[in-house]
Each structure stands twice: as C-alpha cells, then as structure tokens.
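One letter stands for each residue in the lines below.
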Amino acid sequence: MAMTAEHAVDALAATQPATTAAVLAAARRALAVLGDAAALDAELLLAAATGRTRASLLAFPERGVPAVAVRALEALIARRAGGEPLAYLLGVREFFSLDLEVNASVLVPRPETELLVEAALARCARLVQPAVLDVGTGSGAIALAVKSERRDAQVTGVDTSAAALAVARRNAVRLGLAIRWLESTWFSAVAGEAFDVIISNPPYVHSADVVGALVHEPRQALDGGPDGLDAYRELLRDAPAHLRAGGALLLEHGADQRDALAALAAATGWRVVRALDDLAGRARVLELERGIA
Ligand code: GLN
C-alpha cells in the first residue's frame, strides 16, 4: 500500500541519524503513488534538499543526511505526493537543451512542444533575421529555444500574465538571449506589427478536463473553454493582421483536436501546409498559411 506523506515523515524521522541509502529508500516508498517515477523523483528531490548531485547520492550511500535536509525533503515529498509537478519543486525544467526556471506562474514546458520549436526553425530556415512572435510565452520556452538556435532572429514573446513574463525575462537574462517581452492579451501589444512566424502553444484543454495534476498549473495556460478551442478562435481571427506575406502560423493542439482545428482554420481563410505528429505518434502541430487549400 502506498505510504502517505505523513507516514513518510515518521519513517524518515525514525531513521535518524540517517544514511543517504536509508533516506532514499524511505523517500521512494513515500512516493510509490508515482509508480515508475518514484525512484527518480526521490533522487532528484533528495539532491535538491541536500545540494548534492544525484551521482553523489548514489556513489556515497553511507554518507549521513543532515536533519535539516531530511526536513526539507519531507516537505518536498508531501508536495510531490500531493500532485505538484516535480519541475515546480526543483524550480527548473529542461526544454530544448535549455535549463529553464519555472514556477507555479507558468505552464511546465512539455517535451512534445519541442516539435513546435522545430517547425518554427524549419519555417525560419530560408529567412534572414526572421521576425518571430510567441503568443502566450509563459516561461519563454518556445521563444528562448528559437532564439538559441537562430541568434539573428528578432524574437518577441507576449503573455497576458506579468508573473509569467517575469519568469521568461529571468530565463532570457540567465541564458544571455535577447528577446523582447511584452505584456499583452493576444496581439494587443503588437498592434501594427507583422511577423514571419507566429507560434503559439495556447490553452487547449477542455475546461472539464483541467483536473488531477493539471490543477497545480495556471488555469489560464491550460483551459481552452468548453470545447478546448477558444484560444484558436482568437488566434485564427487576429493573426492575419500580424503576418507578413509568406508568413506562417504554427499552433500546438491536443491530440484529439486536429480535425476540429483544421476545420476552424479553413472556415477562417487559412490552409494547412503541414500537420505534424509528436514522438508519441499523437497529432500535435498544424502549420497554417493564409489562403485557400
Ligand atoms: N499539453 C498540455 C497537457 O495536455 C496542455 C498544454 C496547453 O493547454 N497548451 O497537459
């Protein structure tokens, strides 16, 4: 039976003074509810609590763990067992080989979103100093990844959340990537501007499905309305005014939304240039241009 966070606290306290191996074993048991992820998460949380590397934890199982670190670990385990994303507890998440700061103000960057970055880079390949706009940038993941690969690109990241932009800004400074960040509801802050590529991973989860682990992430980054398509209606309507001739709109979408999104796009004067599946084989990205198919 899975141990509750409280039992974990008792178990860890009982092993004082504790060895690394004993604390790791107790942490794994306390995180059993996570299934296959329990062992790795236990190691990463203990690394965070002790300031040691995972390699050090595994190489020196007999080393003692200070009581203060055990207490810190107990708090982290209670939050992880309660469903908080590991990335929020560690404060970092890797995306497109960049270490990004994340916190509860931003969606945790997902591996499948790297597909959107690749599509944007492909789109920029023939352009010099492409103007790129990331709508709803959150942690800045997409904008930063594009800029890291294309230093000549003029990248703008917009978000309606000032708290999210603060995270994006810190990421850019730490990574040394020059990006223009603007607080903006959709395109409000870029009136009169046009871009070669507009990218968005907008909220697309059906309102009724924002449950479980998702409740720990910002609702405005996930909730796409009753049918999950509200954000696309805004983007499809307003993006044309901000697209240069020959430009493209790249949208991430839910695995079950390709047909509905393609139909919405067609009805609003777009054509699908490419439809891309993620590494898990799920429908994930549409590349759109203005015009009739
Ligand atoms: N891919 C995310 C999820 O399904 C949703 C991201 C989004 O709404 N943009 O958890």
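Since this is a predicted model, take the numbers as computed values, not measurements.

Draft legend 1. How the structure looks around the overall build of the chain. When its secondary structure is counted, the chain shows 12 helices and 11 strands. Along the first, second and third principal axes, the C-alpha set of the chain runs to 70 × 40 × 30 Å. Here the chain holds 293 residues, and the buried ones make up 49% of them. For the chain, the share of sequence-separated contacts (at least 6 apart) that also reach a separation of at least 24 residues comes to 62%.

Draft legend 2. How the structure looks around helix 11 (residues 230-238). Residues of helix 11 that are buried include every one of Ala231, Tyr232, Leu235 and Leu236, and no others. Burial along helix 11 is one-sided: seen end-on, the buried residues are contained in an arc of 125°. Here the buried face of helix 11 lies against strand 5 (131-135), strand 8 (195-200), strand 9 (243-252), helix 12 (258-267), strand 10 (270-277) and strand 11 (283-290).

Draft legend 3. Structural view of the site of the ligand. The local shell around the ligand consists of Leu107, Arg110, Glu112, Asn201, Pro202, Pro203, Tyr204, Val205, Leu214, Ala221 and Leu222. Within the contact set of the ligand, a nitrogen atom lies 2.8 Å away from a side-chain nitrogen or oxygen of Asn201. Between Pro202 and the ligand, the recorded distance is 2.6 Å, taken from a backbone N or O atom to a nitrogen atom. Class assignment for the residues of the shell around the ligand results in eight nonpolar, one polar and two charged.

Draft legend 4. A look at unusual backbone geometry. For Phe96, which is not a glycine, the phi torsion comes out positive at approximately 50°. By the element assignment, Phe96 lies in the loop between strand 3 (92-95) and strand 4 (98-101). Look at Trp186: it is not a glycine, yet its phi comes out positive at around 50°. Positionally, Trp186 belongs in the loop between strand 7 (180-183) and strand 8. Take Trp186: its relative accessible area is 24%, and that puts it in the partly exposed class.

Draft legend 5. Quick look at the packing of helix 3 (residues 38-50) against helix 5 (residues 67-81). It is at 9 Å that the axes of helix 3 and helix 5 come closest, and there the two elements cross at 140°. Between helix 3 and helix 5, the interaxial angle falls into the category oblique. Judged by the sense of rotation from one axis to the other, the crossing of helix 3 with helix 5 is right-handed. Of helix 5, the residues touching helix 3 (which contributes Asp41, Leu45, Leu46, Ala49 and Thr50) are Ala69, Ala72, Leu73, Leu76 and Arg80. For the contact of helix 3 with helix 5, the class distribution of residues is seven nonpolar, one polar and two charged.

Draft legend 6. Representation of the sheet that holds strand 6 (residues 154-159) within the structure. Across the sheet, seven strands lie side by side as 7-6-5-8-9-11-10; this open sheet has mixed pairing. The sheet is open, and its two borders are formed by strand 7 and strand 10, each paired with just one other strand. The sheet shows a mean angle of 20° between the axes of neighbouring strands, direction not considered. Against the sheet, helix 9 (residues 162-175) contacts strand 6 and strand 7, and its axis sits at roughly 170° relative to strand 7. In the packing of helix 11 onto the sheet, contacts are made with strand 5, strand 8, strand 9, strand 10 and strand 11, and the angle to strand 9 comes to roughly 175°.

Draft legend 7. Expanded view of the nonpolar core. The biggest cluster of nonpolar side chains holds 31 residues, and the ones touching the most others in it are Val117, Leu144, Val146, Trp181 and Ile199. Those elements that provide at least two residues to this core are strand 4, helix 7 (114-124), helix 8 (141-149), helix 9 and strand 8. Counting residues per element, this core draws most heavily on helix 7, at seven residues. If we skip the residues at most four places from it in the chain, Trp181 touches Thr137, Gly140, Ala143, Leu144, Gly157, Leu165, Ala168, Arg169 and Ala172. Judged by nonpolar contacts, the second largest core, of 23 residues, contains Val135, Val158, Phe187 and Leu251.

Draft legend 8. Main features of the packing of helix 7 against helix 8. Close contact between helix 7 and helix 8 brings their axes to 10 Å; oriented N to C, the two are set at 45°. The orientation of helix 7 relative to helix 8 falls into the category oblique. The handedness of the crossing between helix 7 and helix 8 is right-handed. Each of Leu116, Val117, Ala120 and Leu121 in helix 7 lies in contact with helix 8, whose residues at this interface are Ile142, Ala145, Val146 and Glu149. The class makeup of the residues in the contact of helix 7 with helix 8 is seven nonpolar, no polar and one charged.

Draft legend 9. Fine view of the packing of aromatic side chains. Per the stated rule, a full pass over the model turns up one aromatic pair. With a centroid separation of 6.4 Å and 40° between ring planes, the pair formed by Phe95 and Phe96 is classed as tilted. The exposure class of Phe96 is buried, given its relative accessible area of 14%. When the ring centre of Phe60 is taken as reference, the NZ or CZ atom of Arg63 above it lies at 4.8 Å. Against the face of Trp270 rests Arg290, its NZ or CZ located 4.7 Å from the ring centre.

Reading guide: rules and limits
- Residues numbered from 1 in each chain as written.
- Predicted model: local features only at pLDDT ≥ 70, side-chain atom pairs only at ≥ 80, totals over all residues.
- Heavy atoms only, no water.
- Helix = DSSP H or I, 4+ residues; strand = E, 2+ residues; numbered from the N terminus.
- Buried < 20%, exposed > 50% of the residue type's maximum accessible area, 1.4 Å probe, protein only.
- Contact = heavy atoms within 4.5 Å.
- Arc of directions from axis to C-beta.
- Near = heavy atom within 4 Å.
- Polar contact = N/O pair within 3.5 Å; in protein donor to acceptor, adjacent residues only side chain to side chain.
- Nonpolar A, V, L, I, M, F, W, Y, C, P; charged D, E, K, R; others polar.
- Axes fitted to C-alpha atoms, helices over the stretch in contact; angles between N-to-C directions.
- Parallel < 35°, antiparallel > 145°, perpendicular 65-115°, else oblique.
- Left-handed = near helix turned anticlockwise from the far one by under 90°.
- Pairing = 2+ DSSP bridges.
- Core = buried A, V, L, I, M, F, W, Y, C linked by side-chain atoms within 4.5 Å.
- Phe/Tyr/Trp six-rings, centres within 6.5 Å; stacked < 30°, edge-to-face > 60°.
- Lys NZ or Arg CZ within 6 Å of the ring centre and 35° of its normal.

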